[in-house]
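Residue-level listing of the chains:
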Amino acid sequence: MMKVVKMKVLVLAVAALLLKVDSQLTDDVAEYLLRLNDRINALEKSCTGGGRKVVFSVVHRPSSIKGDNVGITGPYDVASVLVHKHAITNIGNAYNTQTGIFTAPVKGVYFFTFTTYSWVSGADIGVSLYRNNEEILLIWETQDWGDNEDYASNSAALILEQGDRVYMNLPKGFQVASSITSNLHTFSGFLLYQL
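Residues numbered from 1 in each chain as written. Predicted model: local features only at pLDDT ≥ 70, side-chain atom pairs only at ≥ 80, totals over all residues. Heavy atoms only, no water.

- The name an unreviewed UniProt entry gives the protein is C1q domain-containing protein, with Electrophorus electricus as the organism.
- If you open the UniProt record of the protein and go to Subcellular location (unreviewed entry), you find "Secreted". (UniProt positions renumbered as here; feature names shortened; annotations may be inferred.)

This is the structure:
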């Protein structure tokens, strides 16, 4: 970012010197300098996401406790949005802690990552990342009776239109665990750059 600003200042300084040295600058050269300035401004805007700041990191908390401050969510008879109600960060307020849905405020490239936790035996565990009504990623495992504690994570960069929705889904029959005291089950995303 500083390099872009320094480059812009340097180009404008050179342009000013040229104007002072040669008062006979042609309209073509002056127009070229203006276009160059516009390109520098566009580059600066793309490097900063157009000034738009969108970042969230949220945590899922269980509705009831099973043991050691950990509780199970699911299994349900239908797939359900997994609502992460505890916000660590929510700059831009694009993630809704009541619905569990992130809504893209601008068209751009966004990066999402999530980690899920299980503390259960003999069950299907896992979650899906959805864009609108399309499953993008699924992490899944059948927990056997001898293995009852696991973490899994995944991430994706997505091109989103303004108004697109991204959320975590708990598939039908699946379950996950989370804690009321530790941030075990998380979902995060941010705007890389605006398109």
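Read on, since the account is not over.
**Some points on a nonpolar patch on the surface**
Right, on to step 1. There is a patch of nonpolar side chains on the surface, built from V55, I91, I159, F190, L192, Y193 and L195 and spanning about 620 Å² of accessible area.
Right, on to step 2. The dominant element in the nonpolar patch, judged by the number of residues it contributes, is strand β13 (residues 186-194), at three residues.
Right, on to step 3. Locating L195 in the fold gives a position in the segment after β13. (Patch = residues over 30% accessible without salt bridge, like charges linked within 9 Å, V, L, I, M, F, W, Y side chains within 5 Å. Areas by Shrake-Rupley, 256 points an atom, 1.4 Å probe, with all protein chains shown as cover. Salt bridge = Lys/Arg side-chain N within 4 Å of Asp/Glu carboxyl O. Helix = DSSP H or I, 4+ residues; strand = E, 2+ residues; numbered from the N terminus.)

**Focus: the environment of L191**
Right, on to step 1. For L191, the position within the fold is in strand β13.
Right, on to step 2. Of the residues examined, L191 reaches a relative accessible area of 11% and is grouped as buried.
Right, on to step 3. Separated by 138 residues in sequence, L191 and K53 place their C-alpha atoms 7.1 Å apart. (Buried < 20%, exposed > 50% of the residue type's maximum accessible area, 1.4 Å probe, protein only.)

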